[in-house]
Amino acid sequence: MSVRVLKTAVRDVPDFPKAGILFKDITPVLRDPKLFKAAVDIFVRRHKGKGITRVAAIDARGFLFGSAIAYRLKAGLVPIRKKGKLPYSCHEESYDLEYGSATLSVHTDAFSLGDKVLLMDDLLATGGTALASARLIERAGGSVAEIDFLIELAFLGGRQKLAGYPVYAPIVYG
Ligand code: AMP
């Protein structure tokens with residue numbers, strides 16, 4: 001299964017969730033067993049045997065890939081969630097959105113010192129979400145081995161915002 005086939009399956013939805021946004025809909029990849037397996041396998045092959053001890057997955061679409069990847073890598077799974085969703089004591093990081101700001105959180109005991117963490121989300125846009133997540137991992141004692149996405153919108157410069165971290169995305173637009 002080639003990356004091109006996966007890319008073809010990603011559906012463009014114009015003006016969602018608001019006018020001017022071209023939303024990359026991954027549900028056609030998720031619903032097809034061969035495509036879903038191919039997407040997960042890309043990351044499993046990349047990281048197998050490299051000592052990843054935790055996969056941190058970003059709320060909410062990062063969970064869909066991150067949990068399957070963690071299971072296959074025999075790594076632990078750590079959810080990075082929107083503020084107010086995690087029940088135990090949390091670290092929090094706020095970051096700017098186009099309008100206003102958002103806050104992400106992670107449990108203070110999510111990582112052990114020396115944990116090698118793969119950070120996972122579905123899509124890299126401006127990079128603010130992933131940068132706040134990487135900071136949360138470090139504040140909680142983990143070390144970010146790589147930040148991976150299924151899709152990168154390269155024209156938004158997220159990779160530059162994440163300078164200093166290894167970044168990988170198989171499907172790239174522009
Ligand atoms: P950013 O912080 O700008 O990199 O935004 C990344 C987050 O927003 C990810 O969790 C994505 O799921 C979501 N996102 C941003 N832009 C899009 C888009 N065009 N299509 C789908 N999801 C998006």
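Residues numbered from 1 in each chain as written. Predicted model: local features only at pLDDT ≥ 70, side-chain atom pairs only at ≥ 80, totals over all residues. Heavy atoms only, no water.

A. Structural detail: the pattern of salt bridges. Summed over the entire model, instances satisfying the criterion amount to eleven salt bridges. Close ionic contact of Arg-11 with Asp-25 constitutes a salt bridge, the shortest N to O distance being 2.8 Å. In this pair, Arg-11 sits in strand 1 (residues 11–14) while Asp-25 sits in strand 2 (residues 22–25), placing the two residues 14 residues apart along the sequence. Arg-11 gets classed as partly exposed once you look at its relative accessible area, which sits at 38%. Given the relative accessible area of 11%, Asp-25 is considered buried. Across the pair Asp-12 and Lys-24 runs a salt bridge whose closest N-O atoms are separated by 2.6 Å. Here the residue Asp-12 occupies a position in strand 1, and Lys-24 occupies one in strand 2, the gap between them amounting to twelve residues. Its relative accessible area of 40% is what places Asp-12 among the partly exposed residues. Among the charged side chains, a network of salt bridges with common partners joins Lys-37, Asp-41 and Arg-72. (Salt bridge = Lys/Arg side-chain N within 4 Å of Asp/Glu carboxyl O. Helix = DSSP H or I, 4+ residues; strand = E, 2+ residues; numbered from the N terminus. Buried < 20%, exposed > 50% of the residue type's maximum accessible area, 1.4 Å probe, protein only.)

B. Representation of the side chain of Asp-148 in the model. Relative to the assigned elements, Asp-148 resides in strand 8 (residues 143–153). Here the side chain of Asp-148 touches His-47 through a polar contact of 2.8 Å, side chain to side chain. Those residues within four positions of Asp-148 in sequence are excluded, and the remaining contacts are Phe-43, Arg-46, His-47, Leu-118, Leu-119, Met-120, Asp-121 and Tyr-168. (Polar contact = N/O pair within 3.5 Å; in protein donor to acceptor, adjacent residues only side chain to side chain. Contact = heavy atoms within 4.5 Å.)

C. Just the packing of aromatic side chains, in detail. Taken as a whole and assessed by the stated rule, the structure comprises three aromatic pairs. Relative to Phe-23, the ring of Phe-16 has its centre 5.1 Å away and its plane inclined at 85°; by these criteria the two rings are edge-to-face. The class of Phe-16 is partly exposed, set by a relative accessible area of 44%. The exposure class of Phe-23 is buried, given its relative accessible area of 18%. Seen in terms of ring centroids, Phe-43 and Tyr-168 are 6.1 Å apart; in terms of plane orientation they differ by 75°. Their pairing is edge-to-face. Taken together, the positions of Phe-43 in helix 3 (residues 33–47) and Tyr-168 in strand 9 (residues 167–168) put the pair 125 residues apart, joining distant regions of the chain. For Phe-43, a relative accessible area of 0% corresponds to the buried category. If you follow Lys-24 out to its NZ or CZ, it ends over the ring of Tyr-173, 3.7 Å from the centre. When the ring centre of Tyr-168 is taken as reference, the NZ or CZ atom of Arg-46 above it lies at 3.7 Å. (Phe/Tyr/Trp six-rings, centres within 6.5 Å; stacked < 30°, edge-to-face > 60°. Lys NZ or Arg CZ within 6 Å of the ring centre and 35° of its normal.)

Read these as spatial facts, not as claims about activity.
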